[in-house]
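For reference, the chains in residue letters:
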Amino acid sequence: MSVGETPITVVGNLTDDPELRFTPQGTAMARFTIASTPRTYDKASGQWKDGTTLFLRATAWREMAEHITESLTKGMRVVVTGRLVQHNWKTDQGENRSMLGLDIDEVGPSLRFATAKVTKAQRTSGAPTARPADEWSTAAPSAPAAQWSGAPAGGGDEPPF
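Worth saying up front: this structure is predicted, and the values here are computed from it rather than measured. (Residues numbered from 1 in each chain as written. Predicted model: local features only at pLDDT ≥ 70, side-chain atom pairs only at ≥ 80, totals over all residues. Heavy atoms only, no water.)

1. As for the environment of T27
- Examined against the element boundaries, T27 turns out to sit in the loop between β2 (19-22) and β3 (28-36).
- For T27, a relative accessible area of 19% translates into the label buried.
- Excluding residues that lie within four positions of it along the chain, T27 makes contacts with R21, F22, W61 and R62. (Helix = DSSP H or I, 4+ residues; strand = E, 2+ residues; numbered from the N terminus. Buried < 20%, exposed > 50% of the residue type's maximum accessible area, 1.4 Å probe, protein only. Contact = heavy atoms within 4.5 Å.)

Shown next as structure tokens:
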């Protein structure tokens, strides 16, 4: 971790299955959204009350990205540690937009209300696996390949990632 980075741990549920994409160079990337809702006990009413839900877009790279997409599914409760990052872009109308995201360092299933059987993954040679260039073009229409690869955003109200 570098100086000035903001470390964070988030516990929440996946809002959808993680998406696996590949850069034109063949580097794996997984993205998913975590929904984390604080709960407090109200002694007066004797009931639990939900707070405002935080939706945080998380990104993982390389082997971890592949492991995430093979292991985690929509609705699973996870514990994620990483670094907060701010993404900035301009819309087609020239309006500035920003969004916080999470670059993942570690992730795992929460075992508070579930069990899991862990299988150690086989290590690869360390060299990135070459992927056909057309795999990158399978990105969702709202996230063009140029935007996923870090190129300047083409605008619009949607985040460029």
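2. Brief notes about the pairing of strand β6 (residues 54-61)
- Relative to β6, β3 runs antiparallel, the two sharing 8 bridges. If you follow M29 over to β6, its bridge partner there is W61.
- One ladder, built from 3 bridges, connects β6 with strand β8 (residues 96-109); its direction is parallel. The partner of T59 across the bridge, within β8, is D103. (Pairing = 2+ DSSP bridges.)

3. As for the packing of aromatic side chains
- This model, assessed by the stated rule, comprises 1 aromatic pair.
- Each ring, one from Y41 and one from W48, has its centre 5.4 Å from the other, and the planes form 65°; the classification is edge-to-face.
- Judged by relative accessible area, which is 51%, W48 ranks as exposed. (Phe/Tyr/Trp six-rings, centres within 6.5 Å; stacked < 30°, edge-to-face > 60°.)

4. Details of the nonpolar core
- Within the largest apolar cluster, 13 residues are counted, with the highest numbers of intra-cluster contacts made by F32, I34, A58, I68, V80, L102 and I104.
- Among residues more than four places away in sequence, those in contact with F32 are L14, P18, L56, R57, A58, I68, I104 and V107. (Core = buried A, V, L, I, M, F, W, Y, C linked by side-chain atoms within 4.5 Å.)

Purely spatial values, then, with no claim about function.
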